[in-house]
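Examining the three-dimensional arrangement
Chain by chain, the residues run as shown.
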Amino acid sequence: MRADNLIPRAWPPRFASAPPPPPGTRPFRAGHPRALVVAATMYLWAAVAPAQTPPADNKPATYAGSEACQMCHEDIYKAFQRDPHAAVEKDKRRGFETRACESCHGPGSKHVESTAAADIRNPAKLPVAEADRGCLSCHLNQPTHVGRIQSAHARNQVSCVTCHAMHKSAEELVPRRRAAINAECAGCHTAEWASFQRPYKHKLPEGAMSCVDCHNPHGSVLAHSIRTVSANEPGCLNCHGDKRGPFIFDHAPVRLEGCTACHEPHGSANPRMLIRAEVRFVCLECHANTPVTAAASHTLGGVPPSFHDLLSPQFQNCTVCHVKVHGSNVSRELLR
Amino acid sequence: MKIWLLALAALPLAAQQAAPAAQETPAAPLTMPETTITGSVDLGYRFNSVGGSLDTFRSVVDMGSGVRLLGLDLTIESATQKWFDRINVRGSGWGGDPYTTAHVDATRHDWYHFSFDYRDIAYFNFLPSFADPTIGNGVFLDQQSFDSHRRMMDFELQLLPGHWIVPYLGYSRDSGFGTGITDFVNGINSYPVEDKPRDSTNNYRGGVRLELKKFHVTLEQGGTTFKDDQQVFTSNQNFGNNPGPFLGEQLDVTSLTQAYGVRGDSIYSKALLTANPTPWLDLFGEFLYSRPDTNVNYSQYNVGQFVDLTPLLLYTSELDLLTGVAKQPHTTANLGFEIRPVRRLRVIESWMTDRLHNASSAALTQQLLTPAMTTLLNSFTDLLVMNYNREQVDVLFDLTSRITLRGGYRYEWGDGLTNGALLSGLPTETGQLKRQVGLAGVSYRPLQRLSLSVDFEGSGGDRGYFRTSLQDYQKARVQARYQVRQSLVLGANFSVLSNQNPNPAVNYSFLSRDSSASVTWTPNNSKRITLTGEYTRATLRSDLNYIVPQDFTSGTSSYRDNVNEASTLVNLLIPGFGANGPKLSVGGSLLRSSGSRPTDFYQPTMRFSTPPYKHMTWYGEWRYYGFAEPFYQYEGFRSQLVTIGVHFTR
C-alpha cells in the first residue's frame, strides 16, 4: 500500500498538518477504545478549541517529490545534501524515496501549486509536541528515547529542533565536538555555564569534557538526566571509578544522595567543588550531634558522635583523618 | 616526542592538493568524487609566567609552557567508500597540557560505526587552605593533596547489517595514577605521609538493538573489573599533627607501608524497551541490574611509637592484615507510558524503583609489638540498604498552538538502612524518604521567535534521608528567549530553590537564586563582527543547626555565596582586508563572589590572527588569570599565558 494513499484515512482534516504516519498505520475508527476517550473529553475540547473552518478544498495534498521543492528552495536543498537526513531520499522502507523534504514537511502538492506558506507543514510553527511527532515518526523506537518521555526537556516543550539544526551539516544536526555541544547547551542553560567560570570545576571550558559526558539530554532514569554507566550506576563513576565500591564500609550519602550531597558538580569557589567553604561544615550539617531528635526525624547520620575540639585546626578539616570519606575497605570510621 | 608524531599526522592535510576551482558547468553525474581531507590543525608554542602561589595556579589552571598540538580536527571522506565513508579525527592538548583528548570515529553506511575516545586529565590539587592542621604554626602543607592523572578511553563498534538490528561491542577503561600526600591515622595522632594511588576499571559490554516499526528493544550484557593498588608509605621520622608527648612518650612514625589490594568485578544486564502499539500510545521501560563485588586484601606495617586507646596500650610496631568482601546487588526498573487520548492532551505516567543492598564482612588481625607481642582479632560486618521508589504523572495540554499547560504529581518514597554509629548505641540507623511533589509548568510561544517557559515544583515535605535533603521545598525556573531579528538573540533565565526543614533538631533554611541574561549579536551573517555576552548573578543562603562537639552548645552552620559573573567574546574582522583578513577576538570572564569564601577570578583573553595564505593563519593569543581570596591571601596568583601558533585549514 502506498503511504500517500493512507493519509486521508489515517488523519482527519484537523490533523492535516500532522506528519504522515508510516505505512501500515492503523486508521482512526469509530468503536476503537481511543474513540471512547475522545468522546469523554469532547466537552473540554469544545470549550477551548478554536472554531475549525473546513478547508475549501478537502482534497488532500499528495507528494510532489524533492525536486519540486528544489525548484524554489535551491539554497536549502543544497545545504540539505550535507545533512545526514539526505539519506531519507533513498529510504524505500518508509516510503520516502525521492521525498526527503516531504518526510518532515508533509505532502507538498498544494504548496507547489499555490506557493502559500499555509499549504505546507512548517514544524517550526507547530506546537512543539506536534512538531516532535514528526521526528519521532522515525526516531521513536531507538534507545536514546527510553527516557525522553519523562525528561525535563520533553516536559518543558523543548523541541527536537531546538538542539538539532535541520538543513545543515552533520555537525550542526548532532554536535559532536565538545565545544559545540557545550555552546548548544549554554545557549539556554546560561547560569549553569556561568558556574564553569568558577575556579574549581569540571574542565568544560577547556574542552576536556562536554555536558553530555554527564547528562543525557534525551532523559535518563536518574534525576537531572544524569547518565548511567554499567547499567545503573551514576555517570560520575565513568571517570571516578575508584569511588564506585562497593566498599566494606560505605558512606551512605554517596549511595543515597549521590555526589551532589557534598559536591557542586558544575563549579564552585570552594576547593574540591565542595558545597561549603570549610570541610567541617560539609560534614557537620549531617553529623550534627543531635541523637534523639535526629532519630525522630528519620534522618541518617545525625549521631557520629564526636568530641573533637573544632577550635583546633587539626579537627577543622575532617578529611585530614577521615581520609576515605567516599567509603573505606578497612576502617568503619573511614580512617584508612 | 608525541607532539611531533601528531604533527606528522597533520602532514596529509598540508600535502593535500588544493581543491579544484569550482567549475562553471555542473559536474557530470557519473564523475567519481575524490577522497577528501578537510579540517584544521592548530600548532602553537605557549609561554607562561606565574606570580603568587604556583601551587594554586596548578590547582586551578595548570597550563604549562612548550610546544602544543592545540587542536586537530580532520574529516576524511572516502572516494571509493570501500572501507569507510567518513573518518573523523579530533584531538587537543597534546604535548603536555593537563587535558589531552583524542577521538576517532569511522562510519560506513549500512556496515558499521566505530568510535574511539581518549582523555587524559591531570588532577593537581595542593591548597593549604584545604587541609593543613599545622597552619597555625605557619606551615603550609596540604595533607590531602595529589598530583595525579585520570585516563579514560572508550571503544565502541556498532555493526549495521540491516536497518533494524544493530549488534555492538564496547570496551572502556578508566584509570588513575600519580602521587600525593595523605594522612596515616593512628591513635591520637595523624601523620602526613606519601601516597601513591593507582586504580583501574575495565568495562566490557556487548549487546544488540532491535529497532522495529512498532517497538525497539536493546539488550546488553556487560562486566567490569576493578583494581586498586594504592600504597601509602614513609621512611622518615614523622611526629605528626600532635607533636607533644602522650603519657610521657613522644609519638612518632619512622616507617610505614600500607598496601591496598582491592579487586572488584561486576556483571550487569540492561534491557530497554520502547513501543508505540498504537499512534496514541507510547510505552517505555528499562530494567537495569548490576552486581558489583569487592575483595579486599589490605596490609599495614608501621614502626615508631604509637598508642592504642582501646585498650590503652603503647606499642612500637604494628602489623595489620585485613581480608574482606562486599557484595552489592543493585536493581533498577522503570516503566511508563504516554497516552494521547485527544490531539491536545498528553498524559505521561511513570514508575521507577531502585534497590541496592550492600552486605560486607571483614576480618582484621593486628599484631602489636609491646614489650610482648599482642595479637588482636576483629571481625566486622556492615550493610547499606537503599530502596527508592517514584511514581509520577504529568498532564500536558495544548491550550492553543502557542500555549502548553502542564500539571503533575510525583510521589517518592523509600528507606535507607545502615549500621549504627559506633558510639551511638544503636544497632542500625534508618532514614526514610517520603515526598509528595506538585508539578506545574507553562510553555508560551506568542511568536515564533519568542518563547517563555515556566517550570515549578513544590513539596510540603515529610521525610528525607538526610538533614540537608529536600524537605519542604519550592523550585521554579523561568526561561525566556527572544530572537529580535535574525542577527540578535536575547535570553533570560531565573531559577530559585527554597528548602526548609523546620524540625527543631534540624532547623534548616536554604535559598538559592540564579538570574542570568545573555545576548548574541551576529550582524550581516557574522561577516564583520560577532558579540556574545552573558551576565549571571547567583546567591545562596544556607543556615542549619548543629551541636558543637567540644562543648555541646548549639551552633549554626551558615553559608553564603553571592556571585556576580560576566563573560563576553567579541570577534572583529579588521576592516580593509577583505573577508579573509586579520581578525581580533577580545573577551573573557570576570567573577566576583562574596560570602563565606570571597573569591575574585578574572580570565580576560585576546587573540589576533592573520592569514598569510589561504589555508594558513598565524595567531597570537594572550590570556590572563587573576585569582584572589581575601581570607587566604597566600593562595592568590596572577598568570599570563601567551601562545603563538599557526592554524592550518583545508
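Thresholds, definitions, all that
Residues numbered from 1 in each chain as written. Chains lettered and ligands numbered in written order. Predicted model: local features only at pLDDT ≥ 70, side-chain atom pairs only at ≥ 80, totals over all residues. Heavy atoms only, no water. Helix = DSSP H or I, 4+ residues; strand = E, 2+ residues; numbered from the N terminus. Buried < 20%, exposed > 50% of the residue type's maximum accessible area, 1.4 Å probe, protein only. Contact = heavy atoms within 4.5 Å. Areas by Shrake-Rupley, 256 points an atom, 1.4 Å probe, with all protein chains shown as cover. 1 Å grid on protein atoms, 1.4 Å probe; cavity = no way out; pocket = protein on both sides within 12 Å on 5 of 7 lines; lining within 4 Å. Points joined across faces, edges and corners; volume = space filled by probe spheres on them. Nonpolar A, V, L, I, M, F, W, Y, C, P; charged D, E, K, R; others polar. Pairing = 2+ DSSP bridges. Lys, Arg positive; Asp, Glu negative; His and termini not counted. Salt bridge = Lys/Arg side-chain N within 4 Å of Asp/Glu carboxyl O. Polar contact = N/O pair within 3.5 Å; in protein donor to acceptor, adjacent residues only side chain to side chain. Phe/Tyr/Trp six-rings, centres within 6.5 Å; stacked < 30°, edge-to-face > 60°. Lys NZ or Arg CZ within 6 Å of the ring centre and 35° of its normal. Buried area = accessible area lost by both parts, 1.4 Å probe. Patch = residues over 30% accessible without salt bridge, like charges linked within 9 Å, V, L, I, M, F, W, Y side chains within 5 Å. pLDDT = per-residue confidence, 0-100. Core = buried A, V, L, I, M, F, W, Y, C linked by side-chain atoms within 4.5 Å. Arc of directions from axis to C-beta.

**Some points on the overall build of chain A**
What chain A contains, in helices and strands, is 17 helices and four strands. Out of the 336 residues belonging to chain A, those deemed buried represent 49%. Put simply, of all contacts in chain A between residues at least 6 apart along the chain, 48% involve residues at least 24 apart. If you sum the accessible surface of chain A, you get close to 15100 Å²; carbon and sulfur atoms cover 61% of it.

**Some remarks on empty space enclosed by the protein**
Under the counting rule described, the total for this entry stands at seven cavities of 30 Å³ or more. Those elements that provide at least two residues to the lining of the largest cavity are helix H8 (128–139) and helix H9 (152–155) of chain A together with strand E19 (345–369) of chain B. Counting residues per element, the lining of the largest cavity draws most heavily on H8(A), at five residues. Of the residues that constitute the lining of the largest cavity, the class distribution is seven nonpolar, two polar and five charged.

**Observations concerning the pairing of strand E23 (residues 450–459) of chain B**
Residues and elements named next belong to chain B. When strand E22 (residues 428–447) meets E23, the two strands line up antiparallel, connected through nine bridges. Across the sheet, residue glycine 441 finds its bridge partner in E23, namely aspartate 455. Counted between consecutive antiparallel strands, the loop separating E22 from E23 contains two residues. Here 10 bridges tie E23 to strand E24 (residues 472–485), and the two strands are oriented antiparallel to one another. Residue leucine 452 lies in a different strand from E24, and its bridge partner there is alanine 480.

**Topic: the side chain of Asp354(B)**
All names here are of chain B. With respect to the secondary-structure elements, aspartate 354 resides in strand E19. No salt bridge is formed by the buried aspartate 354. Its closest oppositely charged neighbour is arginine 355, at 8.2 Å. Only 2.7 Å separates the side chain of aspartate 354 from the side chain of threonine 332, close enough to count as a polar contact.

**Description of the pairing of strand E9 (residues 198–211) of chain B**
Residues and elements named next belong to chain B. In terms of strand pairing, strand E7 (residues 165–186) meets E9 through 13 bridges, oriented antiparallel. Bridge pairing in E9 places isoleucine 165 opposite leucine 210. Here E9 folds back onto strand E10 (residues 215–228), and the loop between the two strands holds three residues.

**Digging into the environment of Lys110(A)**
Residues and elements named next belong to chain A. Assignment of secondary structure puts lysine 110 in helix H7 (residues 109–114). Take lysine 110: its relative accessible area is 23%, and that puts it in the partly exposed class. Residues lysine 110 and tyrosine 63, spaced 47 residues apart in sequence, show a C-alpha to C-alpha distance of 9.1 Å.

**So, the packing of aromatic side chains**
Counted under the stated rule, the structure contains 24 aromatic pairs over all chains. Seen in terms of ring centroids, Phe57(B) and Phe637(B) are 5.6 Å apart; in terms of plane orientation they differ by 85 degrees. Their pairing is edge-to-face. In this pair, Phe57(B) sits in helix H3 (residues 54–60) while Phe637(B) sits in strand E32 (residues 637–649), placing the two residues 580 residues apart along the sequence. Like Phe57(B), the residue Phe637(B) is buried in the burial classification. Relative to Tyr204(B), the ring of Tyr171(B) lies with its centre 5.2 Å away and its plane at 40 degrees, an arrangement referred to as tilted. Linking Tyr171(B) in strand E7 with Tyr204(B) in strand E9, this pair joins segments that are 33 residues apart in sequence. Judged by its relative accessible area of 22%, Tyr171(B) falls in the partly exposed class. The side chain of Lys324(A) reaches across the aromatic face of Tyr260(B), ending 4.6 Å from its centre. Directly above the ring of Tyr619(B) sits Arg607(B), whose terminal nitrogen or CZ lies 4.0 Å from the centroid.

**Overview of the interface of chain A and chain B**
Contacts between the two partners involve 129 residues from chain A and, on the opposite side, 177 residues from chain B. With both chains or domains summed, chain A and chain B bury close to 13400 Å², and 56% of this area falls on carbon and sulfur atoms. Interface area lost by chain A to chain B is led by Asn141(A), Arg272(A) and Arg336(A), which between them contribute 6%. Taken together, the links from chain A to chain B amount to 11 salt bridges. Across the pair Arg119(B) and Asp213(A) runs a salt bridge whose closest N-O atoms are separated by 2.6 Å. Counting the contacts that link chain A with chain B gives 52 residue pairs in polar contact (both at pLDDT 80 or more).

**Considering unusual backbone geometry**
Look at the link from Gly245(A) to Pro246(A): it is a cis peptide, with omega at 5 degrees. Residue placement: Pro246(A) occurs in the loop between strand E2 (233–234) and strand E3 (249–250). Positive phi, normally seen in glycine, also occurs at His224(A), with a value near 60 degrees. Positioned with a positive phi, Ser526(B) is a non-glycine residue whose angle comes to about 65 degrees. Looking at where Ser526(B) falls in the secondary structure, it is placed in the loop between strand E26 (508–521) and strand E27 (529–547).

**Side note on a nonpolar patch on the surface**
All names here are of chain B. A cluster of nonpolar side chains, contributed by Leu405, Val442, Tyr444, Leu452 and Val454, occupies part of the molecular surface with about 330 Å² of accessible area. Of all the secondary-structure elements, those providing two or more residues to the nonpolar patch are E22 and E23. Position of leucine 405 among the secondary structure elements: in strand E21 (residues 403–419). Looking at leucine 405, the relative accessible area reads 33%, which means it is partly exposed.

**Quick look at the confidence of the model for chain B**
All names here are of chain B. Summary statistics for chain B give a mean pLDDT of 91 and a share of 94% for residues scoring 70 or more. Under a pLDDT of 50 for its full length, residues 1–28 has, in the predicted model, 29 contacts with residues more than four places off or in other chains. Model confidence for the complex is summarised by a pTM of 0.88, with the ipTM given as 0.91.

**Some words on the nonpolar core**
Ranked by internal contacts, the top residues of the largest apolar core, which has 36 residues, are Val61(B), Phe601(B) and Phe637(B). At the level of secondary structure, the elements contributing two or more residues to this core comprise helix H16 (279–284) of chain A together with H3, strand E31 (616–628) and E32 of chain B. Broken down by element, the residue count for this core peaks at three residues, all from H16(A). With residues near it in sequence (within four places) discarded, Phe637(B) still touches Gly51(B), Gly52(B), Ser53(B), Thr56(B), Phe57(B), Val60(B), Val61(B), Phe601(B), Tyr625(B), Gly626(B) and Phe627(B).

**Comments concerning the environment of His189(A)**
Summarising the element assignment, His189(A) is placed in the loop between helix H12 (178–186) and helix H13 (190–195). His189(A) has contacts with His153(A), Arg477(B), Gln479(B) and Asn493(B), leaving out every residue within four places of it along the chain.

**Considerations on H12(A)**
Residues Arg178(A), Ile181(A), Asn182(A) and Ala186(A) constitute the buried set of H12(A). Down the axis of H12(A), the buried side of the element spans an arc of 130 degrees, and every buried residue falls inside it. Along its buried surface, H12(A) packs onto H13 and helix H14 (211–214) of chain A together with strand E4 (99–108) and strand E5 (112–125) of chain B.

**Things to note about the pattern of salt bridges**
A full pass over the atoms with the stated rule returns 49 salt bridges over all chains. For the salt bridge of Glu206(A) with Lys201(A), the shortest nitrogen-to-oxygen distance reads 3.2 Å. We classify Glu206(A) as partly exposed; its relative accessible area is 25%. With its nearest N and O atoms 2.6 Å apart, the salt bridge here joins Arg68(B) to Asp97(B).

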